[in-house]
Amino acid sequence: MIERDNLFARPLGTIADFVFDEHVVNVFPDMIKRSVPGYETIIAMTGTLAERYVQEGSNCYDLGSSLGASTLAIARNTRDRRANLVAVDNSPAMIARCQTLLRSQQLSDRITLECADIRDLTIVNASMVVLNFTLQFVPLADRDGLMSAIYNGLNPGGILVLSEKVRFADEGLNKLMIELHHSFKRANGYSELEVSQKRDALENVLLPETLGAHKARLEKAGFSCADVWFQCFNFASLIAIKD
Ligand SMILES: C[S@@+](CC[C@H](N)C(=O)[O-])C[C@H]1O[C@@H](n2cnc3c(N)ncnc32)[C@H](O)[C@@H]1O
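Visitor: Hey, could you run me through the site of the ligand in this one?
Guide: Close to the ligand lie 19 residues; Y39, G64, S66, D89 and N132 are nearest. In this structure, S66 approaches the ligand through a side-chain N or O atom, which is 2.8 Å from an oxygen atom. Separating a nitrogen atom of the ligand from a backbone N or O atom of I118 is a distance of 3.0 Å. Burial of the ligand by the protein chains amounts to 96% of its free accessible area of 600 Å². Of all the secondary structure elements, the ones that give two or more residues to the shell around the ligand are α2 (39-53) and α3 (69-77). Classifying every residue of the shell around the ligand by side-chain character gives 10 nonpolar, seven polar and two charged.

Visitor: What is the right way to look at the sheet that holds strand β4 (residues 126-132) in this model?
Guide: Sheet architecture is open: seven strands sit in the order β3-β2-β1-β4-β5-β7-β6, paired in mixed fashion. Because the sheet does not close on itself, it has two edges, and the strands there are β3 (111-115) and β6 (225-232). In this sheet, neighbouring strand axes are inclined to one another by 15 degrees on average, regardless of whether the strands run parallel or antiparallel. Across six bridges, β4 lies against strand β5 (residues 154-165) in parallel orientation. When the sheet's bridge partners are listed, A126 is paired in β5 with L154. Docked against the sheet, helix α5 (residues 140-153) engages β1 (59-63), β4 and β5, running at close to 150 degrees with respect to β5.

Visitor: What exactly am I supposed to notice about the environment of N26 here?
Guide: By the secondary structure assignment, N26 is in helix α1 (residues 22-35). Residue classification places N26 among the partly exposed residues on the basis of a relative accessible area of 24%. Once residues within four sequence positions are removed from consideration, N26 is found in contact with E3 and R97.

Visitor: Before we go on, may I ask you to explain α2 in this structure?
Guide: The periodicity of an α-helix, 3.6 residues per turn, causes residues three or four positions apart to be oriented the same way. Across its 15 residues, α2 extends 21 Å between first and last C-alpha, which sits within 8% of the 21 Å expected from 1.5 Å per residue. Buried within α2 we find Y39, I42, I43, T46, G47, L49, A50 and Y53. The arc that holds every buried residue of α2, seen down its axis, measures 165 degrees, which confines them to one face. Along α2, the residues that are exposed and aim more than 90 degrees away from the buried face are E40 and R52.

Visitor: Would you take a moment to explain the pattern of salt bridges for this structure?
Guide: Oppositely charged side chains are able to pair whenever their charged atoms sit close together. This structure, assessed with the given rule, holds 13 salt bridges. One salt bridge connects K220 with D144, and the closest N-O pair in it is separated by 2.6 Å. Of this pair, K220 sits in helix α8 (residues 211-221) while D144 sits in helix α5, and the two are 76 residues apart along the sequence. Overlapping salt bridges, with partners in common, bring together R143, D144, E209, R217 and K220 in one network.

Calculation notes
- Residues numbered from 1 in each chain as written.
- Predicted model: local features only at pLDDT ≥ 70, side-chain atom pairs only at ≥ 80, totals over all residues.
- Heavy atoms only, no water.
- Near = heavy atom within 4 Å.
- Polar contact = N/O pair within 3.5 Å; in protein donor to acceptor, adjacent residues only side chain to side chain.
- Areas by Shrake-Rupley, 256 points an atom, 1.4 Å probe, with all protein chains shown as cover.
- Helix = DSSP H or I, 4+ residues; strand = E, 2+ residues; numbered from the N terminus.
- Nonpolar A, V, L, I, M, F, W, Y, C, P; charged D, E, K, R; others polar.
- Pairing = 2+ DSSP bridges.
- Axes fitted to C-alpha atoms, helices over the stretch in contact; angles between N-to-C directions.
- Contact = heavy atoms within 4.5 Å.
- Buried < 20%, exposed > 50% of the residue type's maximum accessible area, 1.4 Å probe, protein only.
- Expected span 1.5 Å × (residues − 1).
- Arc of directions from axis to C-beta.
- Salt bridge = Lys/Arg side-chain N within 4 Å of Asp/Glu carboxyl O.

Here it is as structure tokens:
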């Protein structure tokens with residue numbers, strides 16, 4: 001059963017930095033669905049992109065896989081081919097729960113779960129790499145290196161899906177998008193207190209960049225073809241394809 005997210009419902013004296021621990025794992029599917037506009041569309045379309053891009057005999061990486069939503073979408077859309085799906089997360093609590101979920105769906109034989117830091121991962125023979133709302137948690141200084149590793153590990157014709165919370169260079173537009181996102185959360189049942197305490201908890205942990213910065217990094221890593229395929233307020237998803 002999916003538990004309702006009420007982690008920030010009561011007033012908290014001091015607000016600690018957000019971590020993906022056992023408490024978050026218990027409510028994660030509800031939390032991400034009610035917090036990220038377009039989340040379910042992005043996950044479903046990750047599956048649609050997998051159907052088109054995942055190559056026979058290749059590897060497919062879901063980086064920052066949490067409970068495996070993207071991995072499962074990819075698995076369901078690539079049943080007709082032999083490809084290794086590798087789901088990686090550095091939260092032991094996420095990996096443990098994901099393992100239980102995969103076993104219950106009888107998909108664990110196609111999928112390798114790794115509890116590791118994606119910055120230490122060797123990416124090889126990849127036809128698809130997914131970073132759905134994960135790069136935003138990687139320290140800024142490490143993002144270029146990770147993107148180069150992804151580009152180098154992709155096969156020609158392979159695809160990267162990069163979904164992120166973004167910020168806007170224009171101050172007024174940035175403020176508007178943040179307010180619209182908060183309206184989305186309130187419409188999904190979060191109180192003003194929950195919105196504000198969660199924002200404080202993420203302040204030093206989730207570091208959004210502009211779409212321009214993301215595109216520049218993709219180009220620097222070697223991708224000559226990259227653009228946004230989905231956006232709702234300050235949440236966007238890009239695809240980048242290796243020549
Ligand atoms: C917002 S969640 C990702 C959601 C997931 N991709 C989905 O679409 O359902 C971010 C995840 O990235 C993981 N994460 C953050 N930094 C990481 C790192 N350096 N290495 C591995 N996993 C990381 C967190 O533990 C968390 O589970």
